[in-house]
Amino acid sequence: MQHLVVANQVGLIINSYGRQFIVEIDGVAYQAVTKSKKTEYVVGDMVNIQAINQEQVQISGLLDRNNLIYRSDQNRSKIIASNIDQILIVIAAKPNCNLNFLNNCLIFAESENVLPIIVLNKVELPESKGLVSIVDELYCRQLEYQVIKLSAITPAGCSILEPLLQGKRSLLLGQSGVGKSTIINQIIPHAYTKTNVISKSEASGCHTTTSAALYHIDSDSDIIDCPGLQEFGLYHLDPDQLIQCFPELRNHAGICKFRNCRHLNEPGCVIQQLYTDGLIDQLRFNLFKSLLSGLYQKKCY
Ligand SMILES: Nc1nc2c(ncn2[C@@H]2O[C@H](COP(=O)(O)OP(=O)(O)OP(=O)(O)O)[C@@H](O)[C@H]2O)c(=O)[nH]1
Ligand SMILES: [Mg+2]
Ligand SMILES: [Zn+2]
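Residues numbered from 1 in each chain as written. Chains lettered and ligands numbered in written order. Predicted model: local features only at pLDDT ≥ 70, side-chain atom pairs only at ≥ 80, totals over all residues. Heavy atoms only, no water.

**Student:** I tried to follow the pattern of salt bridges on my own but got confused; where do I start?
**Tutor:** Pairing is possible between side chains of opposite charge, provided their charged atoms come close. Within the structure shown, the criterion is met by 7 salt bridges. Where K149 meets D136, a salt bridge forms, and the shortest distance between an N and an O atom there is 2.9 Å. In this pair, K149 is assigned in strand 10 (residues 146-149) and D136 in helix 2 (residues 129-142), connecting sequence segments 13 residues apart. For R169, the salt bridge is made with D222, and the minimal N-O distance between the two is 3.1 Å. Separated by 53 residues along the polypeptide, R169 in strand 11 (residues 169-174) and D222 in strand 13 (residues 221-225) bring together distant segments of the chain. You'll find R169 and D222 in the same group, each marked buried. (Salt bridge = Lys/Arg side-chain N within 4 Å of Asp/Glu carboxyl O. Helix = DSSP H or I, 4+ residues; strand = E, 2+ residues; numbered from the N terminus. Buried < 20%, exposed > 50% of the residue type's maximum accessible area, 1.4 Å probe, protein only.)

Structure below.
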């Protein structure tokens, strides 16, 4: 039996697919539509709603967001979730691990001041060995990011995550097939998120999750699952701020020979020197330079 929705209430968006949303009001879920054709709402949003009938509501406005997780490329930006306390970036050696996807997610988290936690899943697989050592050495020891290694298919695989999720709203971000939905199923057995077996012929994995969904772990802890991403574009960043998003570089900001050094090819560049001296990871240095040159080009237009 649904509660009767009275006019002008506030609800939480817990599911979004296309222009349709599920909004939760006092613990009850309602189908929701938007007034305009523009879908500017996302899972995690607090919204004003008006009743259509006992099962359906209309979203009439958005309450201020604490933050907005989104990615962007040259052509468009895509909103993912809002009002997030921490981002769990899930990676796995299988189906594959693109370290620049991880790097971009970390840079985004730094730019928005949201805590990133790296979750390395599928550690029981022999092919995880190389990735485990990269993550231990570079991301954990050198860059000092929090790293959790687990195997979500084992019975107690995700219990190590539980204390970290307490009292927070966490977003799982990752490429398709890394095990995001498996992790949620372990933490909340009744979440019923669909997980799929990666077909041997399709190394990229199945795109199982098709819409973002928020699940309550308890009364003050939530976790959000979202479809696997192939890329996490950062086209919206300000090139002058980029150095602040690299923990290994930001302490060296502002000490190059030229005060307005862009760290691209300028003489006396301290960042370039760090790289020449072998003090910065090559992949991250190359990413820094390629992001910078793209962002400066954008700024010129
Ligand atoms: N070997 C191994 N397989 C795992 C582990 N965790 C998940 N898997 C498998 O990986 C496959 C993909 O898992 P999902 O949870 O659907 O991955 P996802 O990240 O939600 O994928 P998308 O929804 O496409 O983004 C499934 O076959 C899982 O059983 C693990 O710890 N070890
Ligand atoms: Mg999934
Ligand atoms: Zn420089």
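**Student:** Just checking my understanding: could you explain helix 2 for this structure?
**Tutor:** For an α-helix, the turn length of 3.6 residues means that residues three or four places apart are oriented alike. Between its first and last C-alpha, helix 2 extends 19 Å over 14 residues, near the 20 Å set by a 1.5 Å rise per residue. By the largest-angle criterion, V135 marks the main kink of helix 2, which is about 30 degrees. Along helix 2, the positions that sit buried rather than exposed are L131, V132, V135, L138 and Y139. Phi for E144, located one or two positions after helix 2, is positive at around 65 degrees. (Expected span 1.5 Å × (residues − 1). Bend = angle between axes of the 7 residues up to and from the residue.)

**Student:** Please explain the coordination of the magnesium ion (ligand 2) as it appears in this structure.
**Tutor:** Around a metal, the ideal angle is 109.5 degrees if four donors adopt a tetrahedral arrangement and 90 or 180 degrees if six donors adopt an octahedral arrangement. Around the magnesium ion (ligand 2), the protein supplies S181 (OG) and T209 (OG1) as donor atoms, at distances of 1.9 to 2.1 Å. Placement of the pair is S181 in helix 4 (residues 180-187) and T209 in the loop between helix 4 and strand 12 (212-218), with a sequence separation of 28 residues. One exposure class covers both S181 and T209, and it is buried. (Donors = N, O, S within 2.8 Å, 3.2 Å for Na, K, Ca; no water.)

**Student:** Help me understand the domain arrangement of the protein chain in this model?
**Tutor:** A common way to report how large an interface is uses the accessible area buried once the components associate. Taken domain by domain, the protein chain consists of domain 1 (9-62), domain 2 (68-225) and domain 3 (239-300). Measuring from the centre of the C-alpha atoms in domain 2 to the corresponding centre in domain 3 gives 28 Å. At the interface, 12 residues of domain 2 touch 12 residues of domain 3. Between domain 2 and domain 3, a total of about 950 Å² is buried, with carbon and sulfur atoms accounting for 68% of that surface. Here domain 2 is connected to domain 3 by 1 salt bridge. Salt-bridge contacts for E110 lead to R250; the nearest nitrogen and oxygen are separated by 3.0 Å. Those elements that provide at least two residues to the side of domain 2 that touches domain 3 are helix 1 (99-112) and helix 2. Counting residues per element, the side of domain 2 that touches domain 3 draws most heavily on helix 1, at 8 residues. (Domains from an automatic or database assignment. Contact = heavy atoms within 4.5 Å. Buried area = accessible area lost by both parts, 1.4 Å probe.)

**Student:** Sorry, what's going on with the coordination of the zinc ion (ligand 3) here?
**Tutor:** Coordination of the zinc ion (ligand 3) by the protein involves C256 (SG), C261 (SG), H263 (ND1) and C269 (SG), with metal-donor separations of 2.1 to 2.4 Å. We note that the donor set of the zinc ion (ligand 3) lies within a single chain, spaced as C-x4-C-x1-H-x5-C. With respect to class, C256 is no different from C261; both count as buried.

**Student:** What am I meant to see in the packing of helix 1 against helix 6 (residues 282-300) here?
**Tutor:** The axes of two packed helices give the description: the angle between them and the distance between them. Running from amino to carboxyl end, helix 1 crosses helix 6 at an angle of 60 degrees, the nearest separation of the two axes being 11 Å. By the angle class used here, helix 1 and helix 6 are oblique. Considering only the axes of helix 1 and helix 6, their crossing is right-handed. Contacts between helix 1 and helix 6 pair L99, N100, N103, N104, L106 and I107 from the former with L283, R284, L287 and L291 from the latter. When the residues that make up the contact of helix 1 with helix 6 are grouped by side-chain class, the tally is 6 nonpolar, 3 polar and 1 charged. (Axes fitted to C-alpha atoms, helices over the stretch in contact; angles between N-to-C directions. Parallel < 35°, antiparallel > 145°, perpendicular 65-115°, else oblique. Left-handed = near helix turned anticlockwise from the far one by under 90°. Nonpolar A, V, L, I, M, F, W, Y, C, P; charged D, E, K, R; others polar.)

**Student:** Looking at this structure, I do not really get the pairing of strand 1 (residues 9-17). What am I missing?
**Tutor:** The two faces of the sheet receive side chains in turn, since in a regular strand these alternate between them. Burial runs high along strand 1: 7 of the 9 residues are buried. Pairing of strand 1 with strand 4 (residues 46-51), which is carried by 4 bridges, proceeds in the antiparallel orientation. Note on strand 4: the bridge partner recorded for L12 is M46. Where strand 1 lies against strand 2 (residues 20-25), 5 bridges are found, and the strand directions are antiparallel. When the sheet's bridge partners are listed, N15 is paired in strand 2 with I22. Between strand 1 and strand 2, which pair antiparallel in sequence order, lie 2 residues; one of them, G18, sits at a positive phi of approximately 60 degrees. One ladder, built from 2 bridges, connects strand 1 with strand 12; its direction is antiparallel. Looking across to strand 12, one finds that S16 is bridged to A212. (Pairing = 2+ DSSP bridges.)

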